[in-house]
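The lines below spell out each chain.
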Amino acid sequence: MSLQPAPDLTGRSVSVKVPATTANLGPGFDTLGLALSLYDELHVSVRDEPGVYVDVHGVGAGEVPTDESNLVVTAIAHTFNAYGFELPNLHLEAHNVIPHGRGLGSSGAAIVSGIMAAKGLLEGIVDIDSVGLLRLATQMEGHPDNVAPALFGGLTIAWVTPEGPQHKKLIVHRGVSPLVCVPETTMSTALARSLQPSSVPHEDAIFNVSRSALLIAALIQSPELLLAATEDKLHQSYRASAMPETDSLIQLLRKNGLAAVVSGAGPSLLVLCSDPAQRLVAAQLVTENAATPWQSLMLAVDFKGATVISHPVEAVA
């Protein structure tokens, strides 16, 4: 596709807010995702000077690229290009809170941030609906389990059809109280995926189908079933050797009746508690038994997903 210069967007600016996400939730490998109340924020403005400038604050400052190779910029460019436009000259100011490489959807959040920024900048020129947003994000991320909840909030079931990625958003029972425990170490998603076998036993597949179905019921209707519903035989045991402390803490928490699982590809762990008091017990167990420092984040389920605010041109100095 030959690209045309971006339309005149001089003076346009947008503000974007995107939640962290946790994928898999135990048995729902590459399918289930949950948005959490931890947010990266981004401000993007079109500028006269040629090129792209990125200013990063918080997580990743001094580490992530600050030019056109930045993942957020790549997502903006991907979106503009998908609609036939070149990338305009931009200034990005990113305020990052979501930990990188910890299984909380930081790359998905960066991709969604860029796509939402492009949607806001192109408002009135191109209308990008929810189907288009998910398609663009999945093209970049490779699978929709993190980008779907980042875009739409809540609990999402994501699947892929010949027509493209699809999702269904569900509202989580108000009794569900997520706790995320984050270690200082990181985990490469590519490494985690490389530890997966190419095939699994038939009985393990059946086991996970039953638990995934039960997990939906537990999350939207019956939180008391969360411990049984978060059992998994498809991915966590295969990845355990790469994150032994995560695995040992999960086993400890589950022995104490707490629905603990690996968050995404890890090494963070997620505890889906059936009431806020359980979170205190879980956090205390992690603090007392971890061999290295872990941060416990008592979060809520985010129900809104990603948001973008377009600022009027006349309001920009």
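Described in the following lines is the structure provided in the data block. (Residues numbered from 1 in each chain as written. Predicted model: local features only at pLDDT ≥ 70, side-chain atom pairs only at ≥ 80, totals over all residues. Heavy atoms only, no water.)

1. Focus: the overall build of the protein
In step 1: Of regular secondary structure, the protein possesses 10 helices and 11 strands.
In step 2: The C-alpha atoms of the protein give a radius of gyration of 20 Å, which matches the 20 Å a tight globule of 317 residues would have.
In step 3: Dimensions of the protein along its principal axes, counting C-alpha atoms only, are 60 × 40 × 35 Å.
In step 4: Of the contacts made within the protein by residues no fewer than 6 positions apart, 75% connect residues no fewer than 24 positions apart.
In step 5: Approximately 13800 Å² of the protein is accessible, and the part contributed by carbon and sulfur atoms is 54%.
In step 6: Looking at the protein, you have 17 positive and 30 negative side-chain charges, and the mean spots of the two groups are 8 Å apart. (Helix = DSSP H or I, 4+ residues; strand = E, 2+ residues; numbered from the N terminus. Rg over C-alpha atoms; globule rule 2.2 N^0.38 Å. Contact = heavy atoms within 4.5 Å. Areas by Shrake-Rupley, 256 points an atom, 1.4 Å probe, with all protein chains shown as cover. Lys, Arg positive; Asp, Glu negative; His and termini not counted. Charge placed at Lys NZ, Arg CZ, Asp CG, Glu CD.)

2. Regarding the sheet that holds strand E9 (residues 269-273)
In step 1: Strand order in the open sheet formed by four strands is E8-E9-E7-E10, and the pairing between neighbours is antiparallel. Only two strands of the sheet have a single neighbouring strand rather than two, namely strand E8 (260-262) and strand E10 (294-298). In this sheet, neighbouring strand axes are inclined to one another by 25° on average, regardless of whether the strands run parallel or antiparallel.
In step 2: Set on the sheet, helix H9 (residues 244-255) makes contact with E8, E9 and E10; between it and E8 the angle comes to about 160°.
In step 3: Strand contacts of helix H10 (residues 276-289): strand E7 (177-183), E9 and E10, with the helix running at about 15° to E7, the strand carrying the most contacts. (Pairing = 2+ DSSP bridges. Axes fitted to C-alpha atoms, helices over the stretch in contact; angles between N-to-C directions.)

3. Some words on the packing of helix H1 (residues 71-82) against helix H2 (residues 106-121)
In step 1: Here H1 crosses H2 at 45°, and the two axes come no closer than 7 Å. Relative to H2, H1 is oriented oblique. Our pair here, H1 against H2, has a crossing hand that is right-handed. On H2, the residues that touch Leu71, Val72, Ala75, Ile76, Thr79 and Phe80 of H1 are Ser107, Ala110, Ile111, Ser113, Gly114, Ile115, Ala117, Ala118 and Leu121. (Parallel < 35°, antiparallel > 145°, perpendicular 65-115°, else oblique. Left-handed = near helix turned anticlockwise from the far one by under 90°.)

4. Things to note about the packing of aromatic side chains
In step 1: In this structure the tally under the stated criterion is zero aromatic pairs.
In step 2: The aromatic ring of tyrosine 39 is capped on one face by lysine 17, whose charged end is 4.5 Å from the ring centroid.
In step 3: Over the face of the ring belonging to phenylalanine 207 we find arginine 211, whose NZ or CZ atom lies 3.8 Å from the ring centre. (Phe/Tyr/Trp six-rings, centres within 6.5 Å; stacked < 30°, edge-to-face > 60°. Lys NZ or Arg CZ within 6 Å of the ring centre and 35° of its normal.)

5. Quick notes on the pattern of salt bridges
In step 1: Going through the model one piece at a time under the given rule, you end up with one salt bridge.
In step 2: Between glutamate 231 and arginine 211 there is a salt bridge, with the nearest N and O atoms lying 2.8 Å from each other. One end of the pair, glutamate 231, is in the loop between helix H7 (226-229) and helix H8 (236-239); the other, arginine 211, is in helix H6 (residues 202-220), with 20 residues separating them in the sequence. (Salt bridge = Lys/Arg side-chain N within 4 Å of Asp/Glu carboxyl O.)

6. Some details on the nonpolar core
In step 1: Residues Val44, Ile76 and Leu92 are the most contacted members of the largest nonpolar core, which totals 69 residues.
In step 2: Sort the elements by how many residues they give to this core and H2 lands first, with nine residues.
In step 3: Beyond its immediate chain neighbours, meaning those up to four positions away, isoleucine 76 contacts Val44, Leu87, Leu90, Leu92, Gly114, Ala117 and Ala118. (Core = buried A, V, L, I, M, F, W, Y, C linked by side-chain atoms within 4.5 Å. Buried < 20%, exposed > 50% of the residue type's maximum accessible area, 1.4 Å probe, protein only.)

7. Points about the environment of serine 106
In step 1: Inspection of the secondary structure assignment puts serine 106 in helix H2.
In step 2: In sequence terms serine 106 and glutamine 4 are 102 residues apart; their C-alpha atoms lie 31 Å from each other.

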